[in-house]
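Breakdown of the fold
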Amino acid sequence: KMSDALLLFEQIASMKAVERKPIVLFLNKMDLFTEKIKEVPINRCEEFAEYEGDLHDEEENLEYITGAFFSRAPAPKNARRILMHHCLCALDTEAVSKIFESVLSSIVQTSLERGGLLRT
């Protein structure tokens, strides 16, 4: 599953249509992830076989996984790419609403900055 997710992310991030657009990565089912890393180290996954960090440190694991995704998002020529990520449990609808509000706010701010309507 992870190899499919990484490949799909890379294919989407490489599309010309999203070349200069912010990309938001949502890592869902964090409740399951937290429990799973207690039993199964992430380096058992072929894509993360080189991981040498603390196998039970949730933050470290997530940082590595996020890096694996973002490393597959090529930066457009002569521009920087905005990459964001959010970890969530979709069953927590209140948290999901707050995350979407935050993402929307970031996207609007970025658009205003790029349009020259807001100074950074």
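Let me sum up the structure you'll find in this document. Since this is a predicted model, take the numbers as computed values, not measurements.

**Comments concerning the packing of aromatic side chains**
- One pass over the full model with this rule turns up five aromatic pairs.
- Centroid distance Phe9 to Phe70: 6.4 Å. Interplanar angle 35 degrees. Geometry classified as tilted. Of this pair, Phe9 sits in helix α1 (residues 2-13) while Phe70 sits in helix α3 (residues 58-70), and the two are 61 residues apart along the sequence.
- Ring plane angle 35 degrees and centroid distance 5.2 Å describe the contact between Phe26 and Phe100, whose orientation is recorded as tilted. Of this pair, Phe26 sits in strand β1 (residues 23-27) while Phe100 is found in helix α4 (residues 93-114), placing the two residues 74 residues apart along the sequence.
- In this structure Phe26 comes out as partly exposed when scored by relative accessible area, which is 32%.
- An aromatic cluster of at least three residues, connected via ring pairs, comprises Phe9, Phe69 and Phe70.

The rules behind each value
Residues numbered from 1 in each chain as written. Predicted model: local features only at pLDDT ≥ 70, side-chain atom pairs only at ≥ 80, totals over all residues. Heavy atoms only, no water. Phe/Tyr/Trp six-rings, centres within 6.5 Å; stacked < 30°, edge-to-face > 60°. Helix = DSSP H or I, 4+ residues; strand = E, 2+ residues; numbered from the N terminus. Buried < 20%, exposed > 50% of the residue type's maximum accessible area, 1.4 Å probe, protein only.

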